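One letter stands for each residue in the lines below.
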Amino acid sequence: MRERERPVPPHEVAGITEHVGYRLKRAAAALRGAMDQTLREHGLTVPQYSCLELLDERPGISGSELARGTFVTRQSSSVVLRGLQEGGLVTRPAAADHGRVLPAHLTKEGLRRLEAARAAVYAVERRMLEAIPAHRLDALLTDLDHMAAALGEE
């Protein structure tokens, strides 16, 4: 009977929990959980908050751009936008001026809710960043960008 050959890990590890991918996922899950809890107090979900942030930064962007920027499918983005619109946080025209693009914009209430939620989200990020020395932040951000680029993410 032949012994099963196991692939060699990309770096030395004692178990699955020491892989870089596992640790990235663990950190992302912890961040998502903290953001979910914080945003719940503001009546928002993470995708809704992300959508409001993008619309504040780039008013009128297309639904496709919004989906890419919030890391969800176009269909999910449409559902999030519709919910924000029904909640009075976003406005969109009933019909497109040209093509199929229905540009979305924050309402005054959407901006107010975003600003309140933003302060809470920044507090979560600050807690996360306090766990690493400040002088290593630039290197960490660069490394994360390089990892994403290596996997085909621009």
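The shown structure was predicted, so the numbers you read here are calculated from the model rather than taken from an experiment.

### Considerations on the overall build of the chain
Secondary structure summary: the chain contains 6 helices and 2 strands in total. Taken from N to C terminus, the helices and strands of the chain fall in the order α-α-α-α-β-β-α-α. Taken over the C-alpha trace, the chain has a radius of gyration of 20 Å; the compact-globule value for 154 residues is 15 Å, which it surpasses by more than 25%. Relative to its 154 residues, the chain shows a buried fraction of 24%. The long-range fraction of contacts in the chain, counting pairs at least 24 apart against all pairs at least 6 apart in sequence, stands at 47%. Carbon and sulfur atoms provide 54% of the accessible area of the chain, an area that totals close to 11,400 Å². Put simply, the chain has 21 plus and 21 minus side-chain charges, and the middle of one group is 6 Å from the middle of the other.

### Some words on the packing of helix 3 (residues 63–70) against helix 4 (residues 74–86)
The description of two packed helices rests on the angle between their axes and on the distance between the axes. Interhelical geometry of helix 3 versus helix 4 gives an angle of 100 degrees and a closest axis separation of 9 Å. Judged by the inter-axis angle, helix 3 sits roughly perpendicular to helix 4. In this structure, helix 3 contributes Gly-63, Ser-64, Leu-66 and Ala-67 to the contact, and helix 4 contributes Arg-74, Ser-77 and Leu-81. Residue classes in the contact of helix 3 with helix 4 are distributed as 3 nonpolar, 3 polar and 1 charged.

### Considerations on the side chain of Thr-107
The residue Thr-107 is located in the loop between strand 2 (105–106) and helix 5 (108–129) in this model. Within the structure, Thr-107 has its side chain in polar contact with the backbone nitrogen of Gly-110 (distance 2.9 Å). For Thr-107, the residues in contact, after removing those within four places along its chain, are Gly-88, Leu-89, Val-90 and Thr-91.

### Looking at the confidence of the model for the chain
Scored by pLDDT, the chain has a mean of 91; 94% of the residues are at 70 or more. Averaged pLDDT values over the elements of the chain bottom out at 90 in helix 3 and peak at 97 in helix 5.

### A look at a nonpolar patch on the surface
Side chains of Val-20, Leu-24, Leu-140, Leu-141, Leu-144 and Met-147 sit close together on the surface and give an oily, nonpolar patch of about 450 Å² of accessible area. Elements supplying a minimum of two residues to the nonpolar patch: helix 1 (20–40) and helix 6 (137–150). Take the nonpolar patch: its biggest share by element is 4 residues, from helix 6. Structurally, Leu-24 can be placed in helix 1.

Quick notes on the rules
Residues numbered from 1 in each chain as written. Predicted model: local features only at pLDDT ≥ 70, side-chain atom pairs only at ≥ 80, totals over all residues. Heavy atoms only, no water. Helix = DSSP H or I, 4+ residues; strand = E, 2+ residues; numbered from the N terminus. Rg over C-alpha atoms; globule rule 2.2 N^0.38 Å. Buried < 20%, exposed > 50% of the residue type's maximum accessible area, 1.4 Å probe, protein only. Contact = heavy atoms within 4.5 Å. Areas by Shrake-Rupley, 256 points an atom, 1.4 Å probe, with all protein chains shown as cover. Lys, Arg positive; Asp, Glu negative; His and termini not counted. Charge placed at Lys NZ, Arg CZ, Asp CG, Glu CD. Axes fitted to C-alpha atoms, helices over the stretch in contact; angles between N-to-C directions. Parallel < 35°, antiparallel > 145°, perpendicular 65-115°, else oblique. Nonpolar A, V, L, I, M, F, W, Y, C, P; charged D, E, K, R; others polar. Polar contact = N/O pair within 3.5 Å; in protein donor to acceptor, adjacent residues only side chain to side chain. pLDDT = per-residue confidence, 0-100. Patch = residues over 30% accessible without salt bridge, like charges linked within 9 Å, V, L, I, M, F, W, Y side chains within 5 Å. Salt bridge = Lys/Arg side-chain N within 4 Å of Asp/Glu carboxyl O.

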